[in-house]
Amino acid sequence: MGSESSAQYIHKVQHLIEECIVFNMNREECMDALSKYANIKPVITSTVWKELEKENKEFFEAYAKRREERGASQTETSESIHNILLDSSKKDDNNGE
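Residues numbered from 1 in each chain as written. Predicted model: local features only at pLDDT ≥ 70, side-chain atom pairs only at ≥ 80, totals over all residues. Heavy atoms only, no water.

- As recorded in an unreviewed UniProt entry, the protein chain goes by Angiotensin-converting enzyme 2 and comes from Salvia divinorum.

### Here we look at the packing of aromatic side chains
Line of reasoning, step 1. Taken as a whole and judged by the stated rule, the model has 4 aromatic pairs.
Line of reasoning, step 2. Where F59 meets Y63, the ring centres are 5.9 Å apart and the plane angle is 10°; that geometry is what we call stacked. Residue F59 and its partner Y63 are both found in helix α4 (residues 57-70); the two are separated by 4 residues, about one turn of the helix.
Line of reasoning, step 3. Put simply, the rings of W49, F59, F60 and Y63 touch in pairs and so form one group of aromatic residues. (Phe/Tyr/Trp six-rings, centres within 6.5 Å; stacked < 30°, edge-to-face > 60°. Helix = DSSP H or I, 4+ residues; strand = E, 2+ residues; numbered from the N terminus.)

### Let's talk about the packing of helix α1 (residues 6-22) against helix α3 (residues 42-55)
Line of reasoning, step 1. The N-to-C vectors of α1 and α3 enclose an angle of 75°; their axes lie 10 Å apart at closest approach. Classed by the angle they form, the pair α1 and α3 counts as roughly perpendicular. Touching Y9, I10, V13, Q14, I17 and I21 of α1 are I44, T45, V48, W49 and L52, all from α3.
Line of reasoning, step 2. For the contact of α1 with α3, the residue count by class is 9 nonpolar, 2 polar and no charged. (Axes fitted to C-alpha atoms, helices over the stretch in contact; angles between N-to-C directions. Parallel < 35°, antiparallel > 145°, perpendicular 65-115°, else oblique. Contact = heavy atoms within 4.5 Å. Nonpolar A, V, L, I, M, F, W, Y, C, P; charged D, E, K, R; others polar.)

Structure below.
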């Protein structure tokens, strides 16, 4: 985490989860992507995701239903999100300096 506060770090993880949702990823895909591309531990992503689900139950129910209907491809999604995560991480790192 470096010099950023816990609240800032959680906000960063939340923002990256929102980016994953834009790319139609499920929790596991998001955990993998953030671990691989943003160096965020899967347990952190999972915890923040679960809290977001609690706070936004209706949204996540609709999101899960839409995902089932669309049948998103994990490989396609992972490739699509790679660049946006790198860009977001770089922007967040530059903002902290």
